[in-house]
Amino acid sequence: MTELLQNLIDGLGRGSIYALLALGIAVIFGVMHLLNFAHGELITISGYAAYAMFQADFSWYVVAPAIVLVSIAASLVIEWVAFSRVRGASDFTLLLTSFGIHFLVSSVFILYVSASKKQFPRPGWVTNTFAVGDLSIEVFDAVVIGVTLVTLLATVALLQRTMFGLALRGAAEDFDTARLMGVKSNSVIRGAFALSGFLAGIAGIFWLMRAGNTAPSAGISPMLSGVIAALIGGMGSMRGAVLGGFVLGLAEVMLRSRLPDGIAPLTDGVVFLMIALLFIFRPQGLITVARAERV
Amino acid sequence: MFPNFRRDVSFPIVGAVILFAVLVAAGLTYQAIIGGSAERLVTAMLIDAIIVVGIQIYIGNTGILSFGHVGIGAIAGYAFAVFAIVPERKARVLPDAPFGLTDISFSPTVAVIIAIALALAVAVIAGLGLARSGAESGAVSATVITLALLFVTHEVATNWNKLTGGERAGLSFSIGTTLQGRVAIYVTLLLAIVVARLYAQSRSGRLAVAAREDNLAARAMGINPLVQQMAALLISAVIVAIGASLRVYELGTIVPNLFFFDYTMLTLVMLIVGGRNSVSGAVLGVVVITLGRELSRRLGTQGFEFFGIGLDEAPLDWVFREGLPRVFLGLAMVGFMIKRPIGLINDWELDEWLYNKFGRGSDPLPKALPEVGEMTPVKLRASDIDVKFGGFQALDGAGIEAESGQIVGVIGPNGAGKTTFVNVITGMVPPTSGTFSIDGKDVTAVPTFKLARAGLVRTFQNLRLFGGLTVRENVEVSALVAAEHRQGRVLPDVDAMVAEAGLWEHRDRRASELDYGNSRRLELARAAALAPSFLLLDEPTSGMSDTESVTMIEQVRHMAATVGAGVIVIDHDLAFITGISDTITVLDQGAVVMSGTPDEVQADPRVQAAYLGSAAIT
């Protein structure tokens, strides 16, 4: 029982970051049917920005908000440079565009910085733990879960209470109809990328705090986790994406602590295999977004 | 298997030999100019070409973006290395290999065969998964499944140290035991190009391409896309497996990253820059990208020196740095996706061009198709069809009877359940209850493609042609299905059917370029070429003027008669339907109001009530 509770808390901590990433991916998928393989690059870019700031002796208190701003800016720039030019293109084109950007961003860092990792300090409290009964809780997990909850609530408020949120949800439901109803496609798409960048920025803070380094290929891992989580939840469903993030976090923690020793290093592989199986038997993900086949 | 031997076998083989020769000549010329240092580059290019052509067979013909082929390559590459490295060497690099593999070794040829077998096994499993997920052109879920294959393969390769040597050491051959000379590469490359072209021209390839262009329309024409996708996947897996084995054999080593994101990126860029829908495009892309990478590498390491200009303070130093080839690949991918996603030559094929120029001969206007006389009539019967969506009863005991040789109209006001009824009898919505049979054979709730094979073929209200195929190819796809599944019926000639639809002068144009009227006629010809027992037309004259409608219906009647098919027309226009039908079924609120001759229907007060409101008859 204790072990299960422990897993639950660890899983929520891990899943929080995934949920933020997945939500960012789902928001974009909703407005332009793009599965964004470049989403992880927002963390790569923020990571190098953080590295540069640490070189200039800034502290985490300055760096953390800067990460969010850089992430939002990067998301908007990528949209402006590339995605705005493939709007309405086939899924094939959209997928490869985002894959190409993923590759391009990492290449630019290899070209101008270095192919090797760049280290920066982690805040001291990242590895601290405190005890509640038999449970040992990482301070980091507690902070992550708390901040994620606040971020998600703020996002919900944004989506439910503002005109932008209404436009975004309408566009995610049916982009063409939303446009006919007077939703400006430019601003709603840019808004979606800004929101996606914001969410990736919050996730990025924690991702980078835990890693303590960045590298040209640093975006792959968060991208895969975010994509998987979004897929678990059912592409295009924002609620599903958040749920998927937590499910993925829990699944990873459970598997890691329970798989036999020989297979434990393969946790990521096993998770991905399970996703493939989920997709094979339930291609629409956990939460179904109904889309009728038009004849 | 091949509709036209000259066009589909002879010319493609000649074309493949030319493509091969040009590719090899380009490599050897470059080698002669640059010298010995270019040798490995050219060898790598030829091996890349094998793998890219292999991938083209799947992506090109199915339209499904696959990241998994490089994963299949990894599996084959490891299998090859594990079985081809000699035991003395393996005792060093893999002392604890599982299953006693440390002591088992074969000749490279046998090792390649094992690699192929393993790749095929993986491809079958992945293919079944893809089929289960309902893979179709551009499907995101299918791409994710292939991504999972790549990622899981990489994870296993990285972590199963006892078998793979792990992430850093990997598996390597002893010095001097790697691939010498290029004969094996040449032979494989030539075969790969030949196979890729032959597959694309084959029955399976043509049906796969039809499904790539429009999955639903393909199913409605009796094609099961999943079978053709599997065929393409297996063939491409074999070629990728051989190519990957050669890559490992030539390099003399394999590590997990040899077949991961970077190589996926490289092969995909090569494929899409040339044109993913064409084998010629794949080969062209390999050459263009290899040259571009090499140029950017030289610029990166030698700056302007390369051109002999030798500026001391090169203003572009900030660009010409090491690592430039990667940026080049990324830019090529993003740039082409933005500016020209179809690639340099889209679906242009060398051998098709040669055939059209030299091989085709005269192309006389085909003779008119005769109307077939009395055939044993086939009966279609749907009865007591109920469909419930949640609590809403869309159909309540609807039904229809039709006989080949007749025109049966189905009519009803908006909301009467016409569309749901069409969806049921075309296999797109399973009925909650009821029976449906064609020629005494029960076809209730069978999938769309089986209904088409059983003899009921539909057209679509909002036109679904295979847009990238020519007019002729659209009709040919149906003829291929008919030849297999409609034996015993009168199978019309493809050219004659094209001419019959008044499209002879447009026969070589892409279907997507046709105007509205011609598109409708092509849809009709494509459906009729399937030699159906019944043609089901869903609002066939929507968007047409009255005169056009009359001509259209005359054409429908004639084309149905050339294959002895009955016609079922669904429409909401009472005057139109009564003008053309032998019998009419009237639907309202999901139920049959009445069936009868046009005169009976027009005279019936219930029909007038449904159409004009009950006030009109009191």
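No experiment lies behind these values; they were computed from the predicted model shown.

1. A closer look at empty space enclosed by the protein
Residue and element names in this part refer to chain B. What the rule picks out here adds up to four cavities of 30 Å³ or more. Lining the largest cavity are Tyr58, Ser66, Gly68, His69, Ile72, Ala126, Leu130, Ile145, Thr146, Leu149 and Leu233. Those elements giving two or more residues to the lining of the largest cavity turn out to be α3 (68-84), α5 (108-132) and α6 (140-159).

2. With respect to the side chain of Thr158(B)
Residue and element names in this part refer to chain B. Structurally, Thr158 can be placed in helix α6. The class for Thr158 is buried, based on a relative accessible area of 13%. Ignoring sequence-local partners within four residues, the contact set of Thr158 consists of Gly166, Glu167 and Pro256.

3. Section: the sheet that holds strand β12 (residues 591-596) of chain B
Residues and elements named next belong to chain B. The six strands lie next to each other as β8-β9-β10-β5-β11-β12, forming an open sheet whose pairing is mixed. Each end of this open sheet is capped by a strand with a single partner; those strands are β8 (456-458) and β12. Within this sheet the neighbouring strands show an average axis-to-axis angle of 20°, counted without direction. Inspection of the sheet shows β8 paired to strand β9 (residues 534-538) by three bridges, in the parallel sense. For Val457, the partnering residue across the bridge sits in β9 and is Leu535.

4. Things to note about the layout of surface pockets
Residues and elements named next belong to chain A. Taken as a whole, the second largest pocket holds about 1500 Å³ of empty space. Residue lining of the second largest pocket: 43 residues in total, with Lys117, Ser217, Ala218, Ile220 and Ser221 positioned closest to the centre. The element that contributes the greatest number of residues to the lining of the second largest pocket is helix α9 (residues 220-233), accounting for six residues. Taken together, the residues that form the lining of the second largest pocket break down as 22 nonpolar, 11 polar and 10 charged.

5. A few points about the domain arrangement of chain B
Residue and element names in this part refer to chain B. Parsing chain B into structural domains produces domain 1 (5-258) and domain 2 (379-617). Of note, the centres of domain 1 and domain 2, computed from C-alpha atoms alone, are 45 Å apart. If you look at the interface, domain 1 gives 17 residues, while domain 2 gives 26 residues. Buried surface at the junction of domain 1 and domain 2, both sides included, amounts to about 1900 Å², of which 65% is carbon and sulfur. If you sort the residues of domain 1 by the area they bury against domain 2, Arg203, Leu216 and Met221 come out on top, with a joint share of 34%. Remark: the boundary between domain 1 and domain 2 carries four salt bridges.

6. Some points on the sheet that holds strand β3 (residues 379-389) of chain B
Residues and elements named next belong to chain B. Reading across the sheet, the four strands line up as β4-β3-β6-β7 and stay open at both edges, with antiparallel pairing between neighbours. A single partner strand is all that each edge strand has here, and the edge strands are β4 (392-403) and β7 (441-442). Bridge count between strand β6 (residues 433-438) and β7: two bridges; the pairing is antiparallel. Within β7, the residue paired with Ser437 across the bridge is Asp442.

7. Describing α5(B)
The first and last C-alpha atoms of α5(B) sit 36 Å apart over 25 residues, in line with the 36 Å expected at 1.5 Å per residue. Buried within α5(B) are the following residues: Ala111(B), Val112(B), Ala115(B), Ile116(B), Ala119(B), Val122(B), Ala123(B), Ala126(B), Gly127(B), Gly129(B) and Leu130(B). Buried-residue contacts for α5(B) involve α11 (267-281) of chain A together with α2 (39-62), α3, α6 and α11 (225-251) of chain B. Once α5(B) finishes, Gly134(B) follows within two positions and takes phi at roughly 70°, a positive value.

8. Quick word on the pattern of salt bridges
All names here are of chain B. For the structure shown, the criterion picks out 28 salt bridges over all chains. Of the charged contacts, one joins Arg40 and Glu250 as a salt bridge, the two residues approaching to 3.5 Å between their closest N and O atoms. Of the two residues, Arg40 sits in helix α2 while Glu250 sits in helix α11, which places them 210 residues apart along the sequence. Across the salt bridge formed by Glu554 and Arg557, the nearest N and O atoms sit 3.5 Å from each other. You can see Glu554 and its partner Arg557 sitting in helix α21 (residues 546-562), three residues apart, about one turn around the helix. Look at Arg557 and you get partly exposed, because its relative accessible area is 37%. Taken together, the shared-partner salt bridges in this structure form one network comprising Arg7, Asp8, Arg206, Arg472, Glu476 and Asp495.

9. Structural notes on the packing of aromatic side chains
Residue and element names in this part refer to chain A. Taken as a whole, this structure holds 20 aromatic pairs over all chains when the rule is applied. Between Phe54 and Trp60, the ring centres sit 5.1 Å apart and the planes meet at 65°, which makes this aromatic pair edge-to-face. Between the aromatic rings of Trp125 and Phe140, the centroid separation amounts to 6.3 Å while the plane-to-plane angle is 35°, which identifies the pairing as tilted. Taken together, the residues Trp125 in the loop between β1 (118-119) and β2 (129-132) and Phe140 in helix α5 (residues 139-161) connect sequence positions 15 residues apart.

Definitions and cut-offs
Residues numbered from 1 in each chain as written. Chains lettered and ligands numbered in written order. Predicted model: local features only at pLDDT ≥ 70, side-chain atom pairs only at ≥ 80, totals over all residues. Heavy atoms only, no water. 1 Å grid on protein atoms, 1.4 Å probe; cavity = no way out; pocket = protein on both sides within 12 Å on 5 of 7 lines; lining within 4 Å. Points joined across faces, edges and corners; volume = space filled by probe spheres on them. Helix = DSSP H or I, 4+ residues; strand = E, 2+ residues; numbered from the N terminus. Buried < 20%, exposed > 50% of the residue type's maximum accessible area, 1.4 Å probe, protein only. Contact = heavy atoms within 4.5 Å. Pairing = 2+ DSSP bridges. Axes fitted to C-alpha atoms, helices over the stretch in contact; angles between N-to-C directions. Nonpolar A, V, L, I, M, F, W, Y, C, P; charged D, E, K, R; others polar. Domains from an automatic or database assignment. Buried area = accessible area lost by both parts, 1.4 Å probe. Salt bridge = Lys/Arg side-chain N within 4 Å of Asp/Glu carboxyl O. Expected span 1.5 Å × (residues − 1). Phe/Tyr/Trp six-rings, centres within 6.5 Å; stacked < 30°, edge-to-face > 60°.

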